[in-house]
Amino acid sequence: MRQLLVLALLAVSSAAHLHRRDAPAAFSKPASSAVDYVDPFIGNGGNSPDGSGGMIPSTAPPFAMTRWVAQTRQNYVSMTPYNYTDTKIHGFQGTHQPAIWMGESGQAIIAPGAGQVQSVFEHRGMPFTHANEVATASYYSVIMDALEGGKIHAEQSATSRVGHLRFTFEGTAAPYVLVEATRAFVLGSNDPTNVTYPHGSIHIDHSRREITGHNPERQDFIIGPNPASNFAGYFCARFDVPFDSFGVAQNGSITEHATGGQGALLSGFARFAQGTKRVDVRVGVSFISVDQARKNLDNEIPDGTTLEQTAEKTRTEWAEKLDRVKVEGADQEKSEIFYTGIFHTLQYPYEQSEDGHYYSGYDETVHEGESYTGYSIWDTFRSEWAWQILLAPERIPGMVQSMLHDYVEGGWLPMWKNIVETNIMVGTHADSLVAEAVAKGFTGFDLETAYAAVHKDATVPPEDDWTISYYDREQHVGYEVRAGLSSVYATDGWVASDIHSEAASRTLDYAYDDYAVSVLAAALGKDADAAFFRARAFSAPFTIFNNGTGFMEARNANGSWAGQNAGWTEGDMWAYTFDVVHDVNALIERRGGNKSFVDFLDQHFDGGHNDHTNEPSHHIPYLYSLAGAASKSQERIREIAKDYYNNSVNGLSGNEDCGQMSAWYIFSALGFYPVDPVSTDYVIGTPFFDKVTIELPNASKPLVITSPGAPNKPYIKSVTVNGRALDTPILTHADIASGGTINFEMSAEPQAWSSSTLTGGSQGSGPEAKRYEHVEL
């Protein structure tokens, strides 16, 4: 995701663990130590979007359509609905905001209170402390100070499309619950006072104890090619207590006994009899209709279901995934980082389909089939997709089919889909997702449609390709796709910096996407296409390699150099000079061979150029291994894990970006990483733990990774796979996906294994050479 993060070592706040995770026994079923390690607050800290991991302490099952979270602030692009630094709760929000730098869509908000009904956000906030807050993967609880005295205890769980909340009132005035349909929302991220007012609806049916309505808010409507004018989030809130009275609030004014309304700043409310101690409300959510929201409610949390039962159902879904991974040799902190990381990687993309149907904003039609949204593909193609392929393979065919639905209905595969395409980021990395899935044996979707979609990405430029820059979040333009394809990537091999933004990054990203297309073409027997795209993939990166400087550099349409600071996406010439992951050997040759390349990597790290807060740097420490310096990969990976991850609210150095930041840690902890994911190979790094056993869903036997002493021994002396010794630092997908045993022999000192470039000499080069002290996790 786009953010202007400055590199800063993570400081563990003294208030990092003021919150609690010790849920009552009734909300801790089934027993699961893995789920108990999840801390939903990790990555929420910071008082700015650039100082936060962008995560929220939400409750929902894996890949849920709606995630429920306490609302401490109004969210918009660059602002999440919960921030750990806040001291008041204004309600409980069923959010569809997939990342901090994306907009909200069709949220539902439930706000309890007592006494005078407070509908205005600024007036309804109730004080709380983290000491009275509990958050787990499946249950959230907080005790708030009611505005007119007394306490309100809020508890929350959720299924994919239904939120389940329970409010207990102690010593308060007459209780009520407000259901917010519409609010003012911020346009963009630059000016919080620049707001617009969507018009929704509210309807109160006291005989059914329901408040229903719709909310057309979609904050990203100002960007992307698809207006999705008919989009709305629909809701059906059903209560277990009769209404004593009810009414509608609009723009701060209360109309008693009203049964409905339409417009902006709109809410409905139900009061309950004085002395009512507990109110249970279930909120079905839909992108199709109120009737579908009600159907979702009845299907997922039918009448008579207790909050404890809902939480158990959701915890069971998390346990089914997290219990598949068993770690030995990890302390409390590392266990919390690791399992919370898995928790993060299984949240997005999220389900957009409901009961076998889905709303498509591309053609404004309800279709049959599966659909997902919240695809942060520029981030997640690097390793999160590979992790989901291993741990959630049952989801992959549906996710690919969803992307093909987007292609059929909207004309293109998604880049950053948030209900519809938003044109965020660069490259058409859905090409990589599709090719990787096929290369790793997945079926269940039409291969010819898949190929037609990626082929279009690689051959059809966007409209007005010679005149529109397609800069970040540019408004009133069509599909961005491969901006610069005809100007002049397809003819000369690079994207012109004097025409398009981020031209150097685009060039390298398009080259990788061409490589992905070639792999899919080869798998389908389209040999001529495979040869064409492969040739372009391997030649394009070096059209912007400046032999005079040894760095990648953007070029203008006439071939002139654009300058070393021009044309980058969330990185610079240092990060992107290493971004030829499909042809690292050629890059090493351009930099003068293995020894020179290792020296160049040393300059990158020692000079402070490695910015792990952004994704273009994630693969770089693994490149030492591919240049015959595996022991240096091992050092750098341990340093990054120590410096950029911890178990506090500030535990992510950069925005999580729908799970990619955590996917790096998970793979690195296992001891390997998909530097070139489409290749189906993994580069060996350094395992963090003594032993990890993974019950992969599609494997006939567990994957057992043993590395005795790894927490204190970062270096590898030898590796065997099912008894076969490895001389090179490469694992294949076949080595992993079917289960088996990978054994690492670890050492406290650098070893010769796969480090021939370093054998017999210093680990560095020149007078600044030094021997790194190993980093213990």
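Whatever comes next refers back to the structure up there.
Residues numbered from 1 in each chain as written. Predicted model: local features only at pLDDT ≥ 70, side-chain atom pairs only at ≥ 80, totals over all residues. Heavy atoms only, no water.

**Overview of the overall build of the protein chain**
Stage number 1. Helix and strand content of the protein chain: 20 helices and 41 strands.
Stage number 2. Against the compact-globule benchmark of 28 Å for 777 residues, the protein chain has a radius of gyration of 26 Å, which places it among compact chains.
Stage number 3. Dimensions of the protein chain, computed from C-alpha atoms along their principal axes, come out at roughly 80 × 60 × 45 Å.
Stage number 4. Looking at the protein chain as a whole, 66% of its 777 residues qualify as buried. (Helix = DSSP H or I, 4+ residues; strand = E, 2+ residues; numbered from the N terminus. Rg over C-alpha atoms; globule rule 2.2 N^0.38 Å. Buried < 20%, exposed > 50% of the residue type's maximum accessible area, 1.4 Å probe, protein only.)

**Looking at the sheet that holds strand 41 (residues 740-747)**
Stage number 1. Pairing within the open sheet is mixed, and its 6 strands lie in the order 21-36-37-41-38-39. The sheet is open, and its two edges are formed by strand 21 (325-328) and strand 39 (724-725), each paired on a single side.
Stage number 2. One ladder, built from 4 bridges, connects strand 21 with strand 36 (residues 691-694); its direction is antiparallel. When the sheet's bridge partners are listed, Val-325 is paired in strand 36 with Ile-694. (Pairing = 2+ DSSP bridges.)

**Quick look at the layout of surface pockets**
Stage number 1. If you add up the space inside the second largest pocket, you get close to 450 Å³.
Stage number 2. Taken together, 23 residues make up the lining of the second largest pocket; nearest its centre are Gln-74, Phe-121, Glu-122, Arg-183 and Ala-184.
Stage number 3. Secondary structure elements with two or more residues in the lining of the second largest pocket: helix 2 (121-124), strand 11 (185-186) and strand 19 (266-271).
Stage number 4. Within the lining of the second largest pocket, the residues separate by chemical class into 11 nonpolar, 8 polar and 4 charged. (1 Å grid on protein atoms, 1.4 Å probe; cavity = no way out; pocket = protein on both sides within 12 Å on 5 of 7 lines; lining within 4 Å. Points joined across faces, edges and corners; volume = space filled by probe spheres on them. Nonpolar A, V, L, I, M, F, W, Y, C, P; charged D, E, K, R; others polar.)

**Side note on the sheet that holds strand 20 (residues 278-286)**
What holds strands together in a sheet is hydrogen bonding between their backbones, with the strands either parallel or antiparallel.
Stage number 1. With antiparallel pairing, the 9 strands of this open sheet are ordered in space as 6-7-8-9-20-15-14-13-18. Edge positions in the sheet fall to strand 6 (133-135) and strand 18 (260-263), since each of these pairs with one other strand and no more. Taken pair by pair, the neighbouring strands of this sheet meet at an average axis angle of 15°, ignoring direction.
Stage number 2. Bridge count for strand 14 (residues 210-215) against strand 15 (residues 233-239) is 6 bridges, and the pairing is antiparallel. Bridge pairing in strand 15 links Thr-212 to Cys-236.
Stage number 3. Here helix 3 (residues 290-300) sits on the sheet in contact with strand 9 (162-170), strand 14, strand 15 and strand 20, set at roughly 50° to strand 15. (Axes fitted to C-alpha atoms, helices over the stretch in contact; angles between N-to-C directions. Contact = heavy atoms within 4.5 Å.)

**What about the nonpolar core?**
Stage number 1. Of all hydrophobic cores here, the largest spans 153 residues; its most connected members are Phe-338, Ile-342, Met-403 and Ile-742.
Stage number 2. Looking at this core, the element that brings in the most residues is helix 12 (residues 503-523), giving 8 residues.
Stage number 3. Dropping the residues within four chain positions of it, Phe-338 is found in contact with Val-325, Val-327, Tyr-665, Ile-666, Ala-669, Leu-670 and Phe-689.
Stage number 4. Formed by 46 residues, the second largest nonpolar core is a distinct cluster that contains Val-69, Phe-92, Ala-158 and Val-285. (Core = buried A, V, L, I, M, F, W, Y, C linked by side-chain atoms within 4.5 Å.)

**Notes on the environment of Val-675**
Stage number 1. Tracing the backbone through its elements, the reader meets Val-675 in the loop between strand 34 (672-673) and strand 35 (681-684).
Stage number 2. Sequence separation of Val-675 and Ser-383 is 292 residues, and the distance between their C-alpha atoms is 7.9 Å.

**Quick notes on the packing of aromatic side chains**
Stage number 1. Enumeration over the complete set of coordinates arrives at 39 aromatic pairs.
Stage number 2. With centroids separated by 5.4 Å and ring planes inclined at 50°, the aromatic side chains of Phe-231 and Phe-287 adopt a geometry described as tilted. Taken together, the residues Phe-231 in the loop between strand 14 and strand 15 and Phe-287 in the loop between strand 20 and helix 3 connect sequence positions 56 residues apart. A single burial state applies to Phe-231 and to Phe-287, both of which are buried.
Stage number 3. Among the aromatic residues, those joined into a ring-pair cluster are Tyr-37, Phe-338, Tyr-339, Tyr-645, Trp-664, Tyr-665, Phe-688 and Phe-689.
Stage number 4. Looking at Lys-456, its charged tip hangs above the ring of Trp-412, at a distance of 4.2 Å from the centre. (Phe/Tyr/Trp six-rings, centres within 6.5 Å; stacked < 30°, edge-to-face > 60°. Lys NZ or Arg CZ within 6 Å of the ring centre and 35° of its normal.)

**A word on helix 8 (residues 396-410)**
Stage number 1. Taking 1.5 Å of rise per residue, the 15 residues of helix 8 would be expected to cover 21 Å, and the 21 Å separating its terminal C-alpha atoms lies within 8% of that figure.
Stage number 2. Counting buried positions along helix 8 yields 12 of 15 residues, so the element is predominantly enclosed.
Stage number 3. A positive backbone phi angle near 100° is found at Gly-411, which sits one or two residues after helix 8. (Expected span 1.5 Å × (residues − 1).)

**So, the packing of helix 8 against helix 10 (residues 447-459)**
Stage number 1. Following both chains from N to C, one finds helix 8 and helix 10 inclined at 65°, their axes separated by 10 Å at the closest point. Crossing geometry of helix 8 relative to helix 10 is assigned as left-handed. Contacts between helix 8 and helix 10 involve Leu-404, Tyr-407 and Val-408 from the former and Thr-449, Ala-450, Ala-452, Ala-453 and Lys-456 from the latter.
Stage number 2. When its residues are assigned to classes, the contact of helix 8 with helix 10 shows 6 nonpolar, 1 polar and 1 charged. (Left-handed = near helix turned anticlockwise from the far one by under 90°.)

**Some words on unusual backbone geometry**
Stage number 1. The linkage connecting Lys-29 with the following residue, Pro-30, adopts the cis geometry, with an omega of -5°.
Stage number 2. Residue position: Pro-30 is located in the segment before helix 1 (33-36).
Stage number 3. Cis geometry is adopted by the peptide bond preceding Val-488, which originates at Ser-487 and carries an omega value of 5°.
Stage number 4. Even without a glycine there, the phi angle at Ser-78 is positive, about 95°.

**Observations regarding helix 11 (residues 485-492)**
Stage number 1. Along helix 11, the residues classified as buried are Leu-485, Ser-487, Val-488 and Tyr-489.
Stage number 2. At the C-terminal side of helix 11, Gly-493 shows a positive phi close to 105°.

**Observations concerning the environment of Asn-296**
Stage number 1. The residue Asn-296 is located in helix 3 in this model.
Stage number 2. On a C-alpha basis, the gap between Asn-296 and Glu-354 in space is 7.5 Å, while along the polypeptide they are 58 residues apart.
Stage number 3. With sequence-adjacent residues up to four places away left out, Asn-296 is seen in contact with Arg-161, Val-162, Val-285, Ser-286, Ile-301 and Glu-354.

**Things to note about the pattern of salt bridges**
Stage number 1. On inspection of all chains with the given rule, the structure shows 39 salt bridges.
Stage number 2. With a shortest N-O distance of 2.6 Å, Glu-320 and Arg-324 are connected by a salt bridge.
Stage number 3. Glu-320 sits in the partly exposed class, given a relative accessible area of 36%.
Stage number 4. Between Arg-724 and Asp-735 there is a salt bridge whose closest N-O contact spans 3.6 Å. (Salt bridge = Lys/Arg side-chain N within 4 Å of Asp/Glu carboxyl O.)

**Concerning the packing of helix 9 (residues 430-439) against helix 10**
Stage number 1. As a packed pair, helix 9 and helix 10 sit with axes 10 Å apart at the nearest point and diverge in direction by 145°. In terms of crossing hand, the pair formed by helix 9 and helix 10 is left-handed. Across from Asp-431, Val-434 and Val-438 in helix 9, the residues of helix 10 making contact are Leu-447, Ala-450, Val-454 and Asp-457.
Stage number 2. Here the contact of helix 9 with helix 10 is composed, by residue class, of 5 nonpolar, no polar and 2 charged.

**Quick look at the environment of Asp-611**
Stage number 1. Counting through the fold element by element, Asp-611 comes out in the loop between helix 16 (594-606) and helix 17 (623-626).
Stage number 2. Note: C-alpha distance between Asp-611 and Ala-264 (347 residues apart in sequence) is 43 Å.
Stage number 3. Within polar-contact distance, the side chain of Asp-611 engages the side chain of Thr-613 at 2.3 Å. (Polar contact = N/O pair within 3.5 Å; in protein donor to acceptor, adjacent residues only side chain to side chain.)

**Structural notes on the pairing of strand 35**
Stage number 1. For strand 34 and strand 35, the ladder comprises 2 bridges, and the chain directions are antiparallel. Across the sheet, residue Tyr-673 finds its bridge partner in strand 35, namely Val-683.
Stage number 2. As paired strands, strand 35 and strand 40 (residues 730-732) are joined by 3 bridges and run antiparallel to one another. Bridging across to strand 40, Asp-681 finds its partner in Thr-732.

**Focus: the side chain of Glu-656**
Stage number 1. Its place among the elements puts Glu-656 in the loop between helix 18 (630-644) and helix 19 (660-670).
Stage number 2. One buried charged residue, Glu-656, forms no salt bridge at all, with the nearest opposite charge on Arg-67 at 11 Å.
Stage number 3. Side-chain polar atoms of Glu-656 contact the backbone nitrogen of Met-661, separated by 3.1 Å.
Stage number 4. Once you skip the residues sitting within four places of it in the chain, Glu-656 turns out to touch Gly-53, Met-55, His-344, Met-661 and Ser-662. (Lys, Arg positive; Asp, Glu negative; His and termini not counted.)

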